[in-house]
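A look at the structure
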Amino acid sequence: LLIAERMDVIAHLGVLGRILMSSATVADALNEICRYPTLRRAGSIWKLTASGDQTFLSYSLTPLVQESANSAVITPLVMGIQMVMGIQWRLLRHVSRNQCTPEAVYLAFRKPAETRHYQRFFHCQLVFGADFNGFAFRTADLRMPVPSADRDLNRILHSYVNLTDSGGPDNLPD
């Protein structure tokens, strides 16, 4: 979590960060995270799922990778999950200018002996030992406009991304 806390998340994401910041709503920005592979490194999948008045942004691991995450010991894999979840948290807070807060954070590893730093970082209900890593939002909150929304810039950035052979913003220059 410390790495995520100190990282400039928008700069880290390059063109994708700019697409997120120019999205019309928080839901649109979250859909962009799922659409492009930048945050989906080997062994992981991002998914946005609506269920009634709640929407979940989940970061799941492939079954082979998931096996290692069930350890009670803080392994490098668990530290990686913590970092990715921390980056997502900071990204969401940045895009919404701290206006959109999940109702809960789900972490697919056992509850550690000390959880104060998790509570200090996430400021919401924590669910350890979950079936997935992710966030639960009130669906209505995701309709919140992104303060820096810019439809023209968003359209231009999407056109730019679609012109590349990479199929996404991973290999684009800043």
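For the structure, see preceding data.
Anyway, here's the lowdown on the structure attached to this text. (Residues numbered from 1 in each chain as written. Predicted model: local features only at pLDDT ≥ 70, side-chain atom pairs only at ≥ 80, totals over all residues. Heavy atoms only, no water.)

Turning to the nonpolar core, a few remarks are in order. In terms of nonpolar packing, the biggest core is built from 46 residues, with Met 85, Val 105 and Phe 122 touching the most fellow members. Top element by residues in this core is helix H6 (residues 76–95). It accounts for 9 residues. If you look at the next biggest cluster of nonpolar residues, it comprises 5 residues, including Phe 56, Ala 104, Tyr 106 and Ala 130. (Core = buried A, V, L, I, M, F, W, Y, C linked by side-chain atoms within 4.5 Å. Buried < 20%, exposed > 50% of the residue type's maximum accessible area, 1.4 Å probe, protein only. Helix = DSSP H or I, 4+ residues; strand = E, 2+ residues; numbered from the N terminus.)

Turning our eyes to something else, we now look at the side chain of His 158. Tracing the backbone shows His 158 in helix H8 (residues 151–163). A relative accessible area of 11% places His 158 in the buried class. Within the local environment of His 158, its side chain forms a polar contact with the side chain of Arg 35, the two groups lying 3.2 Å apart. If sequence neighbours within four positions are ignored, His 158 has contacts with Ile 19, Glu 32, Arg 35 and Tyr 36. (Polar contact = N/O pair within 3.5 Å; in protein donor to acceptor, adjacent residues only side chain to side chain. Contact = heavy atoms within 4.5 Å.)

With that out of the way, let us pick up the pattern of salt bridges. Oppositely charged side chains can form a pair if their charged atoms are brought close together. One pass over the structure, following the stated rule, counts 6 salt bridges. Two residues, Glu 103 and Arg 138, come together in a salt bridge whose shortest N-O distance is 3.3 Å. Taken as a pair, Glu 103 in the loop between H6 and strand S3 (104–107) and Arg 138 in strand S5 (residues 133–138) lie far apart in primary sequence, 35 residues in all. The exposure class assigned to Arg 138 is partly exposed, which follows from its relative accessible area of 40%. (Salt bridge = Lys/Arg side-chain N within 4 Å of Asp/Glu carboxyl O.)

Time to look at the packing of aromatic side chains. The geometry of an aromatic ring pair is captured by two quantities: the separation of the ring centres and the angle between the planes. Applying the stated rule across the entire model yields 11 aromatic pairs. Summarising the aromatic geometry, the rings of Phe 56 and Phe 132 are spaced 6.1 Å apart at their centres and angled 90 degrees between planes, so their arrangement reads as edge-to-face. With Phe 56 in strand S2 (residues 54–61) and Phe 132 in the loop between strand S4 (125–128) and S5, this pair connects stretches of sequence that are 76 residues apart. We classify Phe 56 as buried; its relative accessible area is 18%. When the ring of Trp 89 is compared with that of Phe 122, the centres are 5.5 Å apart and the planes differ by 85 degrees; the resulting orientation is edge-to-face. Taken together, the residues span a long stretch of sequence, with Trp 89 in helix H6 and Phe 122 in helix H7 (residues 116–122) at a distance of 33 residues. Of the two residues, Trp 89 and Phe 122, both sit in the buried class. (Phe/Tyr/Trp six-rings, centres within 6.5 Å; stacked < 30°, edge-to-face > 60°.)

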